[in-house]
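# A structural walkthrough
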Amino acid sequence: MRTAPTILHLDMDAFYASAEQAAKPSLRGKAVVVGGLGPRGVVATASYEARKFGVHSAMPMGQARRLAPNAAYLVPRFGLYREISDQVMALLRELSPLVEPLSLDEAFVDLEAGGVADDQASALVVGERLRADIKAVTGLAGSVGLAASKMLAKIASEDAKPDGLRLIVPGTERDLLAPMPVRTLPGVGPATGDHLRRGGIATVGEIAEAGGDELVRLLGKSHGSALYAMALARDERPVVAERESKSVSVEDTYDVDIHDRVRVRGEVARLADRCVERLRAAGHSGRTIVLKVRRFDFSTLTRSETLRGPTDDPGVVREAAARLLESVDTTGGVRLLGVGVTGLADYTQEDLFAQAQAQAQAEAAAEAVEALETQREAVQEERAGEAAAEPVSGTVAEPVTAAERRWAAGHDVRHAEYGHGWVQGSGLGRVTVRFETPESTAPGRVRTFRTDDPALEPAEPLPLVAVPEALEPQ
């Protein structure tokens with residue numbers, strides 16, 4: 001184990017919610033919750049203001065609304081979050097070739113491997129400079145932990161939140177860990193934590209006191225030995241550079257169970273197309289198609305089919321997913337559908353015969369998808385209240401014209417007269433927009449329009465930090 005605190009862990013603070021607050025001046029300093037807004041949605045991120053009410057990640061959205069009814073509830077803008085993440089990861093890779101991303105907003109960095117730090121003083125300098133660079137480039141705050149191991153660096157960054165830096169001095173680790181709850185250690189979830197408590201172990205120090213033999217007896221050789229070593233502050237896991245994806249998949253959870261078989265087929269076709277879009281964006285192809293179905297009783301089924309060679313053709317993937325669906329009974333209702341591709345490669349070797357068969361089905365599937373989208377827009381129209389902006393099911397009194405569009409809460413729009421803004425909510429044929437940008441000095445004005453107003457169009461997110469004119473492309 002290294003003796004210098006040169007493992008860095010970065011964790012962006014309330015990432016999605018902070019990005020939304022930076023983009024929307026009217027939400028700064030206010031409770032913001034980002035996630036799925038339907039009845040089965042969950043919280044992806046809550047701002048620190050929302051956390052004061054007890055809202056936290058992975059909480060059901062309905063519960064969050066009861067705890068913080070006056071918070072702003074927004075649909076995620078993953079395109080924006082990925083752009084910011086790319087900026088942050090680029091800064092990390094300037095420090096070292098060994099960067100291990102854990103998610104869009106979290107990563108380990110081996111500073112020693114990059115030659116930028118080899119002792120406590122140099123590590124602190126790098127950590128403070130990184131935080132300043134992230135703020136300058138993205139406008140957002142990140143917390144940094146520095147230690148001699150990955151486990152301790154992550155504990156340090158958590159202790160540094162929000163917007164701070166914490167270094168754990170080598171030699172002090174055991175004393176630091178001893179009073180902490182067992183859930184602090186990696187790999188200790190609710191089940192393991194409960195099992196340890198039943199054995200009279202509640203803190204990390206008590207794990208160390210129990211000894212390795214007792215931990216092996218309680219948890220088994222592999223898990224018990226690893227946990228005992230971590231309780232002694234021993235963590236030899238290296239920082240591993242980003243691994244290639246092993247699969248690409250997309251899935252949707254539906255607010256109301258789907259019973260109509262035609263609609264299920266349309267959903268599977270739509271998911272297959274989305275999956276191929278991600279596959280191509282990553283520069284991959286794949287040979288195994290996977291269908292995931294979660295039924296009304298929460299039972300989850302997966303079916304897979306392996307092709308003769310890797311493909312990135314949407315027709316082939318749609319056809320394979322449709323074949324897999326035929327083997328699944330959905331008469332009781334479906335609450336989740338997913339389509340994935342595994343066995344990834346960086347080349348294609350399509351089954352040309354399958355593609356020819358798929359062409360006719362692709363056209364029919366496209367028509368089904370178009371009909372489904374029209375149905376979705378009509379369903380969304382029935383939701384009352386401007387703040388909800390979420391799809392529901394039910395009988396629609398009047399059909400929705402093709403010109404009307406779905407406006408997700410928090411997403412960007414541009415109006416021919418009023419300029420750039422974001423959707424506060426929509427329903428009953430109306431959409432409410434607040435017109436402001438990241439550079440606005442005060443909350444923007446609010447206007448309401450018909451959902452089919454030709455002057456209102458979806459827009460791309462604006463940068464959170466203005467690019468200096470000298471750096472703009474010529």
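Residues numbered from 1 in each chain as written. Predicted model: local features only at pLDDT ≥ 70, side-chain atom pairs only at ≥ 80, totals over all residues. Heavy atoms only, no water.

### Brief notes about the pattern of salt bridges
Defined as follows: Any Lys or Arg side-chain nitrogen located within 4 Å of an Asp or Glu carboxyl oxygen qualifies as a salt bridge. Secondary structure elements follow DSSP: runs of H or I of four or more residues count as helices, runs of E of two or more count as strands, with numbering from the N terminus. Type-normalised accessible area, obtained with a 1.4 Å probe on protein chains alone, sets the label of each residue: buried when under 20%, exposed when over 50%, and partly exposed for intermediate values.
With the rule as written, the count across this model stands at 23 salt bridges. For Asp252, the salt bridge goes to Arg274, with nearest N and O atoms at 3.1 Å. Of this pair, Asp252 sits in strand S9 (residues 247–258) while Arg274 sits in helix H12 (residues 261–281), and the two are 22 residues apart along the sequence. Here Arg274 falls in the partly exposed class, since its relative accessible area comes to 26%. Via salt bridges that share partners, Glu20, Lys24, Arg77 and Asp412 belong to a single interconnected network.

### Details of the nonpolar core
Heads up, the condition is: To define a nonpolar core, start from buried Ala, Val, Leu, Ile, Met, Phe, Trp, Tyr and Cys residues and group those joined through side-chain atoms within 4.5 Å. Two residues form a contact once any of their heavy atoms are found within 4.5 Å.
Ranked by internal contacts, the top residues of the largest apolar core, which has 37 residues, are Leu8, Leu10, Ile84, Leu92, Leu111, Leu130 and Leu140. Contributions of two or more residues to this core are made by strand S1 (7–12), helix H1 (15–23), strand S2 (32–35), strand S4 (72–74), helix H4 (78–95), strand S6 (106–110), helix H5 (120–138) and strand S7 (142–147). Examining the composition of this core, we find that eight residues originate from one element, H4, more than from any other. Not counting residues within four places of it along the chain, the set of residues in contact with Leu10 comprises Val88, Leu92, Asp105, Glu106, Ala107, Ile134, Gly142, Ser143 and Val144. With 29 residues, the next largest nonpolar core counts Leu152, Ile155, Val204 and Leu232 among its residues.

### Examining the environment of Ala282
Position of Ala282 relative to the elements: it lies in the loop between H12 and strand S10 (285–295). As for Ala282 and Val248, which are separated by 34 residues in sequence, their C-alpha atoms are 8.9 Å apart.

### Some thoughts on the side chain of Arg335
To keep things clear, this is the line we draw: Under this rule, positive means Lys or Arg and negative means Asp or Glu; His and the chain ends count for nothing.
You can see Arg335 is positioned in strand S12 (residues 334–345). The buried charged residue Arg335 lacks any salt bridge partner; its closest oppositely charged side chain belongs to Asp257, at an N-O distance of 4.1 Å. Not counting residues up to four positions away in its chain, the partners in contact with Arg335 are Arg40, Asp252, Thr253, Tyr254, Asp257, Arg294, Arg295 and Phe298.

### Quick word on the sheet that holds strand S15 (residues 430–435)
Note the threshold: Any two strands with at least two DSSP-identified bridges between them are counted as paired. With axes taken as lines fitted to C-alpha atoms, and helix axes fitted only over the stretch in contact, angles between N-to-C directions fall between 0 and 180 degrees.
Taken together, the five strands give an open sheet; going across it, the order is S16-S15-S14-S13-S17, and neighbouring strands pair in antiparallel fashion. A strand with exactly one partner marks an edge of an open sheet, and here the two such strands are strand S16 (445–450) and strand S17 (456–458). Neighbour-to-neighbour, the strand axes of the sheet open up by a mean angle of 40°, direction not taken into account. Bridge count for S15 against S16 is six bridges, and the pairing is antiparallel. Across the sheet, Arg430 pairs through a bridge with Arg450, a residue of S16.

### Notes on the confidence of the model for the protein chain
The condition that has to hold: What pLDDT expresses is the predictor's confidence in each residue, scored from 0 to 100.
With 85% of its residues at a pLDDT of at least 70, the protein chain reaches an overall mean of 84. Summarising per-element confidence for the protein chain, the mean pLDDT is lowest in helix H14 (residues 352–381) (43) and highest in strand S8 (residues 165–167) (97). Below a pLDDT of 50 lies the segment residues 349–404, which in the model reaches 93 contacts outside its immediate sequence neighbourhood of four places, other chains included. Low pLDDT (under 50) marks residues 470–474, which in the prediction has two contacts with non-local residues, meaning those over four places away or in another chain.

### A closer look at helix H8 (residues 190–198)
Inclusion rule: Here, the arc refers to the directions that run from the helix axis to the C-beta atoms.
If you check which residues of H8 are buried, you get Thr192, Gly193 and Leu196. Relative to the axis of H8, the buried residues are bounded by an arc of 100° and lie together on one face. Of the exposed residues in H8, those oriented more than 90 degrees away from the buried face are Pro190, Ala191 and Arg198. Tucked into the core, H8 has its buried residues touching helix H9 (204–210), helix H10 (212–219) and helix H11 (221–231). Looking one or two places after H8, you find Gly200, whose phi comes out positive at around 85°.

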